[in-house]
Amino acid sequence: MIAWDYGFMKGVHQLLVAISATLFLGRCWMMWRSNAVLGRTLGSRYLPDAIDTLLLISGITLMVLSAQYPTTYLWMFFKLLLLLLYIVLGAVALHRGKTARVRKWASVAAIGVLGSMIALAMLH
Ligand code: HEM
C-alpha cells in the first residue's frame with residue numbers, strides 16, 4: 001500500500017509542477033505562433049485549470065503537513081506572492097492581453113516568475 005506521507009505528497013506536488021509548467025509553456029508557444037488569444041478548449045483551458053487546482057491543493061497540504069505558514073516562513077510568503085503575480089501575468093499572456101506585444105512580454109515575465117518559484121522552493 002502507498003503511504004500517504006510527506007515524501008509522497010511532495011512527489012505528487014513536484015509531478016503536478018512539471019505537468020503544469022509543461023502545459024503553460026505549450027500554451028505560450030501556441031500563443032507566440034498564432035499571435036492570438038487562446039480559446040476555451042480542453043487542452044488550452046480546462047485541463048490546465050484542473051491540474052492547477054490539484055497543484056494548489058497539494059501545495060496547501062504540504063504547507064499544513066510541514067507547518068510552514070507564510071506568516072512565519074519568509075520563503076512561503078514570497079512563494080505565495082509570486083504565485084499571485086504568476087496568475088495575473090499568465091492571464092494577461094494567454095487571455096487578457098489586448099495586443100500580441102503585451103501578451104508576449106507578459107508570457108516572458110510569467111515564465112521568469114515561474115522559474116523563480118521553482119528555484120525558491122528548491123533552495124529555501
Ligand atoms: C505554480 C505553483 C507552484 C510551483 C511552481 C511550486 C514549486 C515547488 C517545487 C519545485 C517544490 C519542490 C522543492 C524541492 O525539490 O525541495 C515545492 C515544494 C513545496 N511547495 Fe510548492 N509550488 C507551487 C505551489 C505551491 C503552493 C500554492 C503552496 C502552498 C500553499 C506550495 C507549498 C509547498 C511546500 C510546503 C513545499 C515543500 C517544501 C519543503 O519540503 O520544505 N507550493 N514547490
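Provided above is the structure to which this section pertains.
Please read all numbers here as calculations on a predicted model, not as lab measurements. (Residues numbered from 1 in each chain as written. Predicted model: local features only at pLDDT ≥ 70, side-chain atom pairs only at ≥ 80, totals over all residues.)

## Notes on helix H3 (residues 74-96)
With 23 residues, H3 ought to run about 33 Å at 1.5 Å a step, and its terminal C-alpha atoms sit 31 Å apart, in line with that. Looking at the packing, one finds that the buried side of H3 touches helix H1 (6-34), helix H2 (42-66) and helix H4 (100-123). (Helix = DSSP H or I, 4+ residues; strand = E, 2+ residues; numbered from the N terminus. Expected span 1.5 Å × (residues − 1). Contact = placed C-beta atoms within 7 Å.)

## Some remarks on the site of the ligand
Around the ligand, the surrounding shell holds 18 residues, and the nearest of these are Gly 59, Leu 62, Met 63, Met 117 and Ala 121. Within the residue set of the shell around the ligand, elements represented by two or more residues are H1, H2 and H4. Residues that form the shell around the ligand fall into these classes: 12 nonpolar, five polar and one charged. (Near = placed C-beta within 6 Å. Nonpolar A, V, L, I, M, F, W, Y, C, P; charged D, E, K, R; others polar.)

## A word on H4
With 24 residues, H4 should reach 34 Å at 1.5 Å per residue; the first-to-last C-alpha distance of 34 Å fits that figure. Within H4, the full set of buried residues consists of Arg 103, Ala 106, Ser 107, Ala 110, Val 113, Leu 114 and Met 117. (Buried ≥ 20, exposed ≤ 12 C-beta atoms within 10 Å, placed from the backbone.)

## Focus on unusual backbone geometry
A positive phi is found at Ala 67, a non-glycine position, where the angle reads about 50°. In this structure Ala 67 comes out as exposed when scored by C-beta crowding, with 8 C-beta atoms within 10 Å.

## A short note on the packing of H1 against H2
Between H1 and H2, the least distance of the axes is 9 Å, while the angle of their chain directions is 150°. With respect to their mutual orientation, H1 and H2 come out roughly antiparallel. By crossing handedness, the relation of H1 to H2 is classed as left-handed. Broken down by class, the residue content of the contact of H1 with H2 amounts to 15 nonpolar, seven polar and three charged. (Axes fitted to C-alpha atoms, helices over the stretch in contact; angles between N-to-C directions. Parallel < 35°, antiparallel > 145°, perpendicular 65-115°, else oblique. Left-handed = near helix turned anticlockwise from the far one by under 90°.)

## Details of the nonpolar core
Phe 24, Cys 28, Met 31, Leu 89, Ala 93, Leu 94, Ala 106, Ala 110, Val 113, Leu 114 and Met 117 form the largest nonpolar core, which has 11 residues in total. Looking at which element gives the most residues to this core, the answer is H4, with five residues. Excluding residues within four positions of it along the chain, Phe 24 makes contact with Pro 48, Gly 90 and Leu 114. (Core = buried A, V, L, I, M, F, W, Y, C linked by C-beta atoms within 7 Å.)

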